[in-house]
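# Structural features, examined
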Amino acid sequence: MKSLGSIRRTFAPWTNAEAKPFITFENVTKTFGDFTAVDNLSLTIYEREFFALLGASGCGKSTLLRMLAGFEEPTSGRILLDGQDLAGIPPYRRPVNMMFQSYALFPHMNVEKNIAFGLKQDGMPKAEIEKRVADMLKLVKLEQFAKRKPHQLSGGQRQRVALARSVAKRPKVLLLDEPLGALDKKLREETQFELMDLQQDLGLTFMVVTHDQEEAMTMADRIAIMDKGEVMQVATPAEIYEAPSSRFVADFVGSVNLFEGKVAGQDAGRVKIATASGFDIQAEESAAPPAGETVWYAVRPEKIRISSQRPETAVNAVEGEVWDIGYLGDMTVYNVKLANGQIVRSSQLNAHRTTADPLTWNDRAWLAFPADAGVVLTR
Amino acid sequence: MERLSRFNIVSLVFGFAFLYIPILILVIYSFNASRLVTVWGGFSTRWYVSLLSNQQLLDAAWVTLRVAFASATIATVLGTMAALALTRYTRFRGRILFTGMVFAPLVMPEVITGLSLLLLFVAIGLDRGFMTITLAHITFSMCFVAVVVQSRLLAFDRSLEEAAMDLGATPVRTFFAVTLPVILPAIVAGWMLAFTLSLDDLVIASFTSGPGATTLPMRIYSQVRLGVTPEINAVSTLLIAVVATGVIIASLINKRRDVQRRRDEQAATQG
């Protein structure tokens, strides 16, 4: 199996202004009665991209997927696929296939017939169908299960049948609705990588809906974070994690410490923030708002160092009391309570089997982080 | 499992005795050699033989089978359509009213159903006979089919249909390739129910039949009024045999499928 690294590293059509978008949502709104599921949303997705829609349940991500599949029509706005407006085209005429969360395997057909179903609808010659089905079975490693009915398969096998069935027609876009939701954790991790390989091998555009951030981070080229029918941010996993655009995104993906404060001054690309947590923060930020504005400094737990003494070179440091310790094996999480009652989380990688600096409950501890450890957020 | 207490055994025996002694007596006396129904005159199958030459009873049986077959088939189509409409289009006005209206005939006294149909047939000048009995049976057995099919449709995963359409099947093809096969057991069960209901209906048939179209229950009833003959016992025993065989086969098929399914599922989760 070839490595994805070389392809992934160079694949970034969204940075190229001349790249042609493959799927375009243009000011799409969808309402169900009084409920607005998708609110004036615009989004572009590129060919061969692995795109993830991430959000809590009810944020409109599934509705978006169903509109692309043709099961729902937008209340207003347009959806374009490869330059073609999809309005009024029924699901059975769209070059898009979907893998359902429930898998939706036909219970009265065996694995082979399930996979062949879509090909038969296209009137493909019988010999060709047989060959394609055999290829698909090989692809998902289910050759010896061809004659089984869905209820004779385990959850992981059903998931692979559903996948084979949805890619059998070589659709332009494959939509995946919580594709790994029904699998247990270990199987889910293995399958994530299988999906990524499959997407590269077939050269398809994948659009996956998930509520599992780890899943989205692992698989996707870009992630759209959705909330209440709106897109909060679209970016690569690293950008979403390291440079969230809002408190919502920062808080939704991973865990984060937020320090609220007011801009107190600016100097050589650095902003000084006077926080309510009892210390001033020096933050690296070139486009900071004017002095007096309320801002939030968001910093991830693993960017904060914890120690019993104040580190001498620290730009930002604050003292507190060790409130809680969570030992996770690969790392240890410390919750430190500041003088104003705020709990700040710091996680330390357990790179050595024994620590020289054992901190324990109720110890005084210093938390320190450099100026570029976090981002300044205005909303 | 808990052991049966004496009380349980007694209640079981009484319960089953209550249910089955009358039928048992009927079956035993159908093999009675004597012409007198209540006097045992030795074992014989002569009444079954003489049944074959009783043209009136045979005619009635033929009419009954034809009515049952025709009405069950049409009622199954209509009942399935009604069930589809009521489960699928959940957002139209007055849906609850319509659902209630479909199910009302289930609890309607048969006499009233029969009488109202009779009035209707007279009013529109339809000659009473085979046709009117069949129409009447469709009317009341359709509701039973609708109930059976609807319960299956409510458990039906709509994403199966979406998956079929997503893979390129038009709505019509989706219905015949996916929906119909999945709900087929309920449709067959509905058909069998409608068939049995039509087979043993006396009241509605009496109201809606005309000369030349007498069903078996009507024939039996009219003969019994002149006195029970052993022939009637014989024909009733045959009816019981037909119905019992059908019920037993249906439940055996169901049971075997269940067992097979459970075994498969076990094998799948282990393998």
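The model shown is predicted, which means the values in this text are computed figures rather than measured ones.

We now examine the overall build of chain B. Within chain B one finds 11 helices and 0 strands. Listed N to C, the secondary structure of chain B is α-α-α-α-α-α-α-α-α-α-α in terms of helices and strands. The C-alpha atoms of chain B give 23 Å as radius of gyration, which overshoots the globular expectation for 271 residues (18 Å, by more than 25%). Counting contacts in chain B only where the partners sit at least 6 residues apart, residues at least 24 apart contribute 75% of the total.

Facing the 20 residues of chain B at the interface are 21 residues of chain A. At the level of elements, helix H7 (158-166), helix H8 (171-199) and helix H11 (230-270) of chain B are the ones that each hand at least two residues to the side of chain B that touches chain A. Across the side of chain B that touches chain A, the residue classes tally to 10 nonpolar, 4 polar and 6 charged.

Moving on, we get to the sheet that holds strand E5 (residues 84-85) of chain A. All names here are of chain A. With antiparallel pairing, the 4 strands of this open sheet are ordered in space as E2-E1-E4-E5. Both outer strands of the open sheet, strand E2 (35-45) and E5, are each paired with one neighbouring strand and no more. Sheet analysis places strand E1 (residues 23-32) next to strand E4 (residues 76-81), joined by 5 bridges and oriented antiparallel. Looking at the pairing, Phe25 lines up with Ile79 of E4. Sitting on the sheet, helix H2 (residues 61-69) is in contact with E1, E2 and E4, with an inclination near 115 degrees to E1.

Low pLDDT means the predicted atomic positions in that stretch should not be read closely. All names here are of chain B. With 95% of its residues at a pLDDT of at least 70, chain B reaches an overall mean of 84. Ranking the elements of chain B by mean pLDDT puts H11 last, at 76, and H7 first, at 92. In the predicted complex, the global pTM is 0.78; the interface-specific ipTM is 0.81.

Residue and element names in this part refer to chain A. The strand order across the open sheet built from 6 strands is E6-E7-E8-E3-E9-E10, with neighbouring strands paired in mixed fashion. Two strands in the sheet have a free side with no partner beyond their single neighbour: strand E6 (96-99) and strand E10 (230-235). On average, each strand axis in the sheet is inclined to that of its neighbour by 20 degrees, with strand direction left out of account. With 5 bridges connecting them, strand E9 (residues 222-227) and E10 associate as antiparallel partners. Counterpart to Asp227 in the pairing with E10 is Glu230.

The rules behind these values
Residues numbered from 1 in each chain as written. Chains lettered and ligands numbered in written order. Predicted model: local features only at pLDDT ≥ 70, side-chain atom pairs only at ≥ 80, totals over all residues. Helix = DSSP H or I, 4+ residues; strand = E, 2+ residues; numbered from the N terminus. Rg over C-alpha atoms; globule rule 2.2 N^0.38 Å. Contact = placed C-beta atoms within 7 Å. Nonpolar A, V, L, I, M, F, W, Y, C, P; charged D, E, K, R; others polar. Pairing = 2+ DSSP bridges. Axes fitted to C-alpha atoms, helices over the stretch in contact; angles between N-to-C directions. pLDDT = per-residue confidence, 0-100.

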